[in-house]
Amino acid sequence: MGRDFRINVNHHSAPSSPTASTHRPPTPTDLSSPFSEIEGLDRDELREAAYEVFFTACRSSPGFGGRSALTYYNSSSIDTADPYGACPGSPGKHNGVGMAVTSRVKRALGLKMMKKTPSTRRTNSCGAVPMPTSPNSMAPGPSSPRFGFTVPNASRSCRPLTSAEIMRQQMKVTEQSDNRLRKTLMRTLVGQMGRRAETIILPLELLRHLKPSEFSDAVEYHMWQQRQLKILEAGLVLHPSIPLDKMDAFATRFKEILDSSDQKAIDTGKNSATMRALCNCVVSLAWRSPNGGSTDVCHWADGYPLNVHIYTALLASIFDSKEETMVLDQVDELLELMKKTWSTLGINRSIHNLCFTWVLFEQFVATGQVEPDLLAASFAMLTEVASDAKKSDRDPYYLKMLARGLNSMKTWTEARLLNYHHNFNRETVGLMENMLPLLFSVTKILEEDVPAYVASSQEKDENGDESSGNRVDYYIRSSLKNAFDKVVEDKDASGLIRDGEVQEASELLMKLARKTEELAMKEKDIFSPLLKRWHPIATGVAAVTLHSCYGGLLKQFLAGKSPMLNEIAIVLQRAGKLEKSLVQLVVEDSVECEDGGKAIVREMVPYEVETIMHKQLKQWSQDRLSKGKENILRAKQTETWNPKSQHEPHAYSAVEVISFAKEAIENFFDIPIPIIESSFHYLIDGVQNIFREYIAFVASCGTKQNYMPTLPPLTRCSRDSKFVKLWKRAACSVGVEDLSQILSGGGGNHLRPTTSRGTQRLYIRLNTLHYLVAQLQTLDKSVSMSPKVLSNKSLSSKKKSPSHFKTSLSTLQLACRHVSEVAAYRLIFLDSNSVLYGSLYIGGVGNTRINPALRVLKQNLTLLCAIVTERAQPRALKEVMKACFESFLMVLLAGGNNRMFCRLDHPAIEEDFDLLKSLFCTIGEGMIVEDVVERESEVVQGVVALMGHPTEQLVEDISSVATETCGLGGVGQKIPMPPTTGKWNRSDPNTILRVLCARKDRAATHFLKKTFHLAKRGSGIRII
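Residues numbered from 1 in each chain as written. Predicted model: local features only at pLDDT ≥ 70, side-chain atom pairs only at ≥ 80, totals over all residues. Heavy atoms only, no water.

1. Some remarks on the pattern of salt bridges
- Enumeration according to the criterion identifies 39 salt bridges in this entry.
- One salt bridge connects Glu198 with Arg196, and the closest N-O pair in it is separated by 2.7 Å.
- Under the relative-accessibility criterion, Glu198 is labelled buried at 15%.
- Looking at Arg196, the relative accessible area reads 40%, which means it is partly exposed.
- Arg208 is the salt-bridge partner of Glu205, the closest N and O atoms lying 3.2 Å from each other. In this pair, Glu205 and Arg208 are both assigned in helix H5 (residues 202-209), 3 residues apart and thus about one turn of the helix distant.
- Overlapping salt bridges, with partners in common, bring together Glu48, Glu52 and Arg227 in one network. (Salt bridge = Lys/Arg side-chain N within 4 Å of Asp/Glu carboxyl O. Buried < 20%, exposed > 50% of the residue type's maximum accessible area, 1.4 Å probe, protein only. Helix = DSSP H or I, 4+ residues; strand = E, 2+ residues; numbered from the N terminus.)

Written out as structure tokens, the structure reads:
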């Protein structure tokens, strides 16, 4: 075997021979050995070396040949058919040591006595324990040196096993190896029976005295020789107890010899120069002293970590080879015998206690953690270790071993506790109960007695103090997080939530919420009762941890997903339920806390389900409202105000707006969560804003002032006019596309209405507004009767404002009034201007009466009723009536230079106005009641009455009214010019003034000239 073949002792290797199988399972890879590695030596090689050291140290003890000559046994004397046969009723001691029935060590460590003890085995009469022979062994020939010794009697007897026999059995040493060892010692100690064991360089003696012929073949001998050389290399060169100069000549030469043994075994004969060089190097290196002087102490196996590995291999033999969780009842005697190796290995009581603690703990781990007694025994030994750690004369190597050994135990135990949900269950939670005290004891020793140890940040509280409570807190949080992560990993949740479809991710989060609740209840039922011994709110900490873990996934889910609100709502609703259950666990667990659990509750960052849901609903609403705004923008760009159809005389854009509003509200109610009032109001307000913007667009048709004529300047009639006032009226009709053909199906008579296309479009606007009113009232009713609204006490209990669209409905009423007014003034002052204000009474009252205008007006009103919906007609007709009355007033009071009246015209004017009133009383089957007509006509009737007053009365009235209005009381004071207010009535001085200005009368003209210095009218004929 080449020297480059190096194996870490932490790992399992094949045994050196087929029969020398390893006694103990290899240390699990997650339990790291605290001791430094030995290059090139595996467990089996160290175990064989340990037995050789042990046997050499105990050679003078009973059972090891101490009271008789050393013997070895031929394999032919062994009954291989039943090598381990037990013989009940053993006669007691026979050429060996009597084993104790009870064990002081096991009592101290709390270990149970074995039901079956290996103290009796079938042996031959000479005390040799039958062992399986190597299958590679060959029957020795007559020339074999084995026949140079007396062969004992092969008769069998039953007796107790000696310590030597038990150790050979426990350490799985073959009979051939044992015989070779005995032979070597016998040859070495010839004439030196009193020689101390620590002065024997055993590997060197074995190399000197054992020849290839004593092995089954050359390969076995070569492997055995290499093991001895590697032991020497480890003890003398790699890990010497006394530091070695790197340039040491003996070490260099030793390495050369070792290198030469890689290809073939070196010659160990008496005449071999290599062997002489080897002996010289080994002896020189082993008998060194720290100061370079002479010494009586041999140092070949007492260097760290070789000594510790050999000693722990010995200690491992105390475990029964068949029941590996049990310690032999003979452990007291075996430990006493092992003590004899201390001088050779450089072991003391402190190192022994530490190694024994580690071996017990390692065996607990290696046997699958099924025997809590081993863990308890390891914990009991920590008391001795703690006492040793406080001694003042601690060796630096011991401190190094202590730090590494305890830290390895701590690391392994913490790894279990940091994921105790995976490592323990209801049946094995008792092991966890034993691990925690052991861990705290280990940590205490490390913190108090190991100078280089630094506690991790998780083991300290906010003030930097370490405590078991803080560590338990850390274990709870870590274990719950690991358990949660395992659930996530099993379901591949992280990737699916990040990259998967929203629906799949939402379903997964629902399952994870259920799993999270199960973890919380598992913690509460199984682990928290135990952990409460060290942490008063163990369940609360677990609940907070799970709350945080699920919250992280929830946040990840909400971060990158486009709003599919139904799925998000379901997840949030389930998250809210989970949060309530976890908070309840915290509250219940914190009842006995000084602060009532406020500190732990503050750690729970709320999911803020309602806030997030409101935010999601707001985003969802914004997306829906943006679509509504797109509809408005499209309507502004494309709406032509043509009717949708003959039966639906409103704009198509209004249908789109209403459909948007209904769909948005229905989808909102379809979200599978209880209604959130703030989100509901946000959506309703947004819909109302859409309606208001659309209503403003519909009503953006100008004002009535756009169509009213400008008031002419006030002038007085010419007193001596000689002009023959020939008045001409040009009847012109404005040709427009008759929208009534679409709505009424054509037809008509010889007198066509003068309603322009623009006015007809205003009618469509008016219809659109009334369509919105009707649809919005229906929508408002459906919202109010929605089960979700009725189930919300806050929304259903509002009696003062039962309408959810009150603002929009109020805005619609104002818009309807405005559009009706604009349409009416356009119809009268633009479309009908030629028959009313543009021609009525020009050239004299008698020549241009109102009858032609009434006929045209009637046709226009008929067309209005054909286009405007029935709901909108009353308001539209009323506004047309008011516009007509306004136009009639302007004819009388602001008719310009082409209109003059005398007192005698009063009856005709009054008759004409009565005809005008009668038209509106009879149009549309009483849509305008007579009382309304009379009320709206009062102002006009008052002005018409002024037309019948004498000029003197009018002058007196204006003087009186103007004086009172301006606050003048003195006689003879000048009357100021009455301002034009536009609010004409019979008591208004400006109204009376305008009647006087239109009066074709000498007295009126004189008064106006003298009082107000008004110019007289021009003499030209002005056709309006």
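2. Describing the packing of aromatic side chains
- Taken as a whole and judged by the stated rule, the model has 28 aromatic pairs.
- Ring centres 4.8 Å apart and planes at 55 degrees place the aromatic pair Tyr420 and Phe527 in the tilted group. Here the residue Tyr420 occupies a position in helix H15 (residues 420-423), and Phe527 occupies one in helix H19 (residues 502-531), the gap between them amounting to 107 residues. Neither residue differs from the other here; Tyr420 and Phe527 are each classed as buried. (Phe/Tyr/Trp six-rings, centres within 6.5 Å; stacked < 30°, edge-to-face > 60°.)

3. Let's talk about the side chain of Arg716
- For Arg716, the location among the structural elements is in the loop between helix H25 (677-698) and helix H26 (740-744).
- A polar atom in the side chain of Arg716 sits 2.6 Å from the backbone oxygen of Leu1014.
- For Arg716, the residues in contact, after removing those within four places along its chain, are Cys997, Thr1005, Leu1008, Lys1009, Leu1014, Ala1015, Lys1016 and Arg1017. (Polar contact = N/O pair within 3.5 Å; in protein donor to acceptor, adjacent residues only side chain to side chain. Contact = heavy atoms within 4.5 Å.)

4. Some details on the confidence of the model for the chain
- Residues with a pLDDT of 70 or more make up 81% of the chain, whose mean pLDDT is 81.
- When the criterion is pLDDT under 50, residues 1-29 qualifies, and its contacts beyond four places in sequence or with other chains add up to 76 contacts.
- Note on residues 461-465: pLDDT is under 50 here. Beyond four places in sequence and across chains, it has 4 contacts. (pLDDT = per-residue confidence, 0-100.)

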